[in-house]
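Structural description and commentary
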Amino acid sequence: MITSHMYSSYEDCIKSADIFSAEIGRILKETYVIDFNHIHISVSIGVKLIDGSVTSSIEVIKEADIAMYEVKSAGRDGIVNFNTTLSAKIGNTLEMERKLYFALEHKEIELYYQPQVNKDGLIRGCEVLARWYNPDLGMVSPLEFIKIAEKTGIIIDLGNFILEEAFKTLNSWEKKEHALEQLSINVSVRQLLHDTFINRIEYLCNKYLNEKSQNKIVFEITETLLEEDLKKVISVMKKVKKLGISFSLDDFGTGYSSLNYLREIPIDELKIDRSFVSHLGENKSDEMMLKTIFTLADIFDLHIIAEGIETDAQFEILKTYNCHLFQGYYFDKPLKRDDFERKLFKQKVKKVNMEINKKKIINRKNIV
Ligand code: C2E
Ligand code: CA
Ligand code: CA
């Protein structure tokens, strides 16, 4: 802790704090050798200058702690000074947290559906994506609010709402005989590991789905799940799979999945991350990586879906691999439920017309 009273100017004080922190960082980062292993550590330092802006020691430590977490969230290993920008950011996050708390009650959460198509461009499934519209904040990205929901625990209620809406939607599509192969729902780590998760899924399956439609549900999980208690994760996954629901490893290729994980966790699908797809055709190493992913999927008998397809060229390259489904703006952006249904309906009508025409041609040939 450095007080600004010790320096002639605020800038001198900050400079001194930076030098002091860098020196602490340098010393802590020296390599440790334990049992002949070299251990490298990173150091995240948060700095709070005592400049009279706060009055209690608890406040000072809290703000230094906030600054330290800012370093961690930016990838660790660095120094951040608690300043007015950070203070405003905290204020905004708190405000967002408060508003998110009421979002369900105020019916501000809506589900969108992004088509997943097969090689012929026919819709075979969709991914459910949450949208939050708040009258003061406008449209808030799920990238932002899901993180807050996870941190605060709101994800449990929010996740339950998303699951129930998605199951209800599938139920209504099944009644209308929209023949989809799968409905993918994002499930966060905290949600999946919550004590109530399995009971909730069983309850929703009983209420909305039969065995055939349960087989269409896919839960998308990310590799962050693999940092948790793996035994517990696998046990939950196995119980969910008994209901016929399958699992997809989302954003595949961006994390640290080892081959061992792929063998241990009971996943059914790999979802190739957008970052690979976006450079296809430009970068040889990305294509090599893609080849490896498809070989892996073959070995472990996994389905593959590619996401983030934006161009015809990307679609064409992916089609040359054994990719089962394709998703991205090239086909459609996430759609409101009614718009998605309209697309499905049009596709059904087109298919029926094609079948009628085919029959007519066969009949004509038979007559001739
Ligand atoms: P994600 O699961 O990787 O979802 C894909 C994201 O990529 C979506 O963003 C989608 O709109 C976007 N996207 C799809 N195709 C393209 C494309 O061709 N180009 C580009 N540039 N983007 C594309 P979105 O809807 O903003 O969601 C962001 C993330 O928020 C999701 O990433 C997911 O991690 C999380 N999320 C969204 N909905 C839910 C939810 O219901 N539950 C949970 N736990 N997380 C969710
Ligand atoms: Ca996803
Ligand atoms: Ca993804």
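Residues numbered from 1 in each chain as written. Chains lettered and ligands numbered in written order. Predicted model: local features only at pLDDT ≥ 70, side-chain atom pairs only at ≥ 80, totals over all residues. Heavy atoms only, no water.

Further remarks concern helix H13 (residues 312-319). By the burial criterion, the buried members of H13 are Gln314, Phe315 and Leu318. The buried residues of H13 occupy an angular sector of 100° when projected down its axis, which confines them to one face. The inward-facing, buried residues of H13 contact helix H11 (274-278), helix H12 (284-299), strand S14 (303-306) and strand S15 (325-326). (Buried < 20%, exposed > 50% of the residue type's maximum accessible area, 1.4 Å probe, protein only. Helix = DSSP H or I, 4+ residues; strand = E, 2+ residues; numbered from the N terminus. Arc of directions from axis to C-beta. Contact = heavy atoms within 4.5 Å.)

As a matter of local geometry, ligand 1 sits amid 21 residues, with Gln114, Arg131, Asp250, Glu310 and Tyr329 nearest to it. Contact between ligand 1 and Ala130: a nitrogen atom at 3.1 Å from a main-chain N or O atom of the residue. One of the side-chain N or O atoms of Arg131 is found 2.8 Å from an oxygen atom in ligand 1. Listing elements by their share of the shell around ligand 1, those giving two or more residues are strand S8 (123-134), helix H4 (142-152) and strand S12 (246-252). Of the residues forming the shell around ligand 1, the biggest block, 4 residues, is contributed by S8. Across the shell around ligand 1, the residue classes tally to 9 nonpolar, 5 polar and 7 charged. (Near = heavy atom within 4 Å. Polar contact = N/O pair within 3.5 Å; in protein donor to acceptor, adjacent residues only side chain to side chain. Nonpolar A, V, L, I, M, F, W, Y, C, P; charged D, E, K, R; others polar.)

What follows concerns the packing of aromatic side chains. Throughout the structure, instances matching the rule amount to 12 aromatic pairs. Taking the centre distance of 6.2 Å and the plane angle of 40° together, the rings of Tyr113 and Phe340 count as tilted. Taken together, the residues span a long stretch of sequence, with Tyr113 in strand S7 (residues 109-117) and Phe340 in helix H14 (residues 337-367) at a distance of 227 residues. Taken together, a centroid distance of 5.1 Å and an interplanar angle of 75° make the contact between Tyr330 and Phe331 edge-to-face. With a relative accessible area of 35%, Tyr330 lands in the partly exposed category. (Phe/Tyr/Trp six-rings, centres within 6.5 Å; stacked < 30°, edge-to-face > 60°.)

The calcium ion (ligand 2) binds to the protein through Glu127 (OE), Asn186 (OD1), Glu220 (OE) and Asp250 (OD); the donor distances cover 2.1 to 2.3 Å. If you list the donors of the calcium ion (ligand 2) from N- to C-terminus, the spacing comes out as E-x58-N-x33-E-x29-D. (Donors = N, O, S within 2.8 Å, 3.2 Å for Na, K, Ca; no water.)

Frequently, the measure chosen for interface size is the accessible area that the parts lose on association. Segmenting the chain into domains produces domain 1 (4-82) and domain 2 (98-351). The centre of domain 1, based on its C-alpha atoms, is set 39 Å off from the matching centre of domain 2. (Domains from an automatic or database assignment.)

Our next topic: the coordination of the calcium ion (ligand 3). Distances from the calcium ion (ligand 3) to its protein donors, namely Asp250 (OD), Asp251 (OD), Glu307 (OE) and Glu307 (OE), fall within the range 2.1 to 2.9 Å. The sequence pattern describing where the donors of the calcium ion (ligand 3) fall on their chain is D-D-x55-E. In this structure, the calcium ion (ligand 3) lies 4.0 Å from the calcium ion (ligand 2), and both are coordinated by Asp250. With a gap of 57 residues between them, Asp250 in strand S12 and Glu307 in the loop between S14 and H13 connect regions that are remote in the sequence. Glu307 shares its class with Asp250; the two are buried.

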